[in-house]
Amino acid sequence: MKKKIIGRLDRANFPELNLKDISIKIDTGAYTSSIHCENIEEKEDGLHCTFLDKEHPEYDHKPFVFNTYNKIRVKSSNGIAQSRYEIKSKIEIFGKVYKISLSLSNRKEMKHPVLLGRKFLNKKFIVDSELKNLSHNIHHHEH
């Protein structure tokens, strides 16, 4: 499979989560990809959380309930391992839908609601840190 070039920032849709045009940051320093949520809580009917996206008032504090999820250990850049919840979902980027695992993180200072890590990028994308919004621009020129 030929790898696509992706810049350091882009926008993507998350069809299973009903989220469109979400700002994503490509983070080759991270292995796992993550989505920005708060109030993450395990309840009897599943994992509850609220999505955070300052840029989209209609999505900010949108509640999610995930019936299937895993607990994973995530090492941060300073080598500290934390326990996180991870969900499986889909991401639509460059006109294609891919499977993606997203860990739920509530780093308060996150500017971009989604970070894409190496696990997702490997075999699919080459990162060119000079560029941005490659997928977003293609799709906007088509319409």
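Look up a bit, the structure's there.
Residues numbered from 1 in each chain as written. Predicted model: local features only at pLDDT ≥ 70, side-chain atom pairs only at ≥ 80, totals over all residues. Heavy atoms only, no water.

Student: So what exactly am I meant to see when it comes to the overall build of the chain here?
Tutor: In terms of helices and strands, the chain carries 2 helices and 11 strands. Each helix (α) and strand (β) of the chain, taken in turn from the N terminus, gives the series β-β-β-β-β-β-β-β-β-β-α-β-α. Taken against the 2.2 N^0.38 rule, which gives 15 Å for 143 residues, the C-alpha radius of gyration of the chain at 15 Å falls within 12% of a compact globule. When its C-alpha atoms are laid out on the principal axes, the chain stretches across 45 × 35 × 30 Å. The 143 residues of the chain split such that 45% are buried. (Helix = DSSP H or I, 4+ residues; strand = E, 2+ residues; numbered from the N terminus. Rg over C-alpha atoms; globule rule 2.2 N^0.38 Å. Buried < 20%, exposed > 50% of the residue type's maximum accessible area, 1.4 Å probe, protein only.)

Student: Can you help me understand unusual backbone geometry in this one?
Tutor: For residues other than glycine, phi is negative in most cases, and the peptide bonds are mostly trans. Not every positive phi belongs to a glycine, and Asn18 is a case in point at roughly 55°. Structurally, Asn18 is set in the loop between β2 (9-14) and β3 (19-26). Residue classification places Asn18 among the exposed residues on the basis of a relative accessible area of 56%. Even without being a glycine, Asn133 presents a positive backbone phi close to 55°. With respect to the helices and strands, the residue Asn133 is situated in the loop between β11 (125-127) and α2 (134-142). On the basis of relative accessibility, which here comes to 21%, the residue Asn133 falls in the partly exposed class.

Student: What should I look at first to understand the pattern of salt bridges in this one?
Tutor: Two side chains with opposite charge may pair up if their charged atoms get near one another. Across all of its chains, the model carries 4 salt bridges by this definition. Of the charged contacts in the structure, one is a salt bridge between Glu16 and Lys90, with a shortest N-O distance of 3.1 Å. Pair noted here: Glu16 is in the loop between β2 and β3 and Lys90 is in strand β8 (residues 81-93), with a separation of 74 residues, a long-range link. Judged by its relative accessible area of 30%, Lys90 falls in the partly exposed class. A network of salt bridges, in which partner residues are shared, links Arg11, Asp21 and Glu55. (Salt bridge = Lys/Arg side-chain N within 4 Å of Asp/Glu carboxyl O.)

Student: Would you explain the packing of aromatic side chains in this entry?
Tutor: The description of an aromatic ring pair uses the distance of the two centres, along with the angle that the planes make with each other. If you walk through the whole model with that rule in mind, you get 7 aromatic pairs. Here Phe64 and Phe66 contribute two aromatic rings whose centre-to-centre distance is 5.5 Å and whose plane-to-plane angle is 40°, an arrangement assigned as tilted. By the burial criterion, Phe64 is buried, and Phe66 matches it. Each ring, one from Tyr69 and one from Tyr85, has its centre 5.7 Å from the other, and the planes form 80°; the classification is edge-to-face. Linking Tyr69 in the loop between β6 (62-66) and β7 (70-75) with Tyr85 in strand β8, this pair joins segments that are 16 residues apart in sequence. The partly exposed category is assigned to Tyr69, whose relative accessible area is 25%. With a relative accessible area of 15%, Tyr85 lands in the buried category. Ring-pair connections join several aromatic residues into one group, and the members of that group are Phe94, Tyr98, Phe120 and Phe125. The side chain of Lys124 reaches across the aromatic face of Phe120, ending 4.6 Å from its centre. (Phe/Tyr/Trp six-rings, centres within 6.5 Å; stacked < 30°, edge-to-face > 60°. Lys NZ or Arg CZ within 6 Å of the ring centre and 35° of its normal.)

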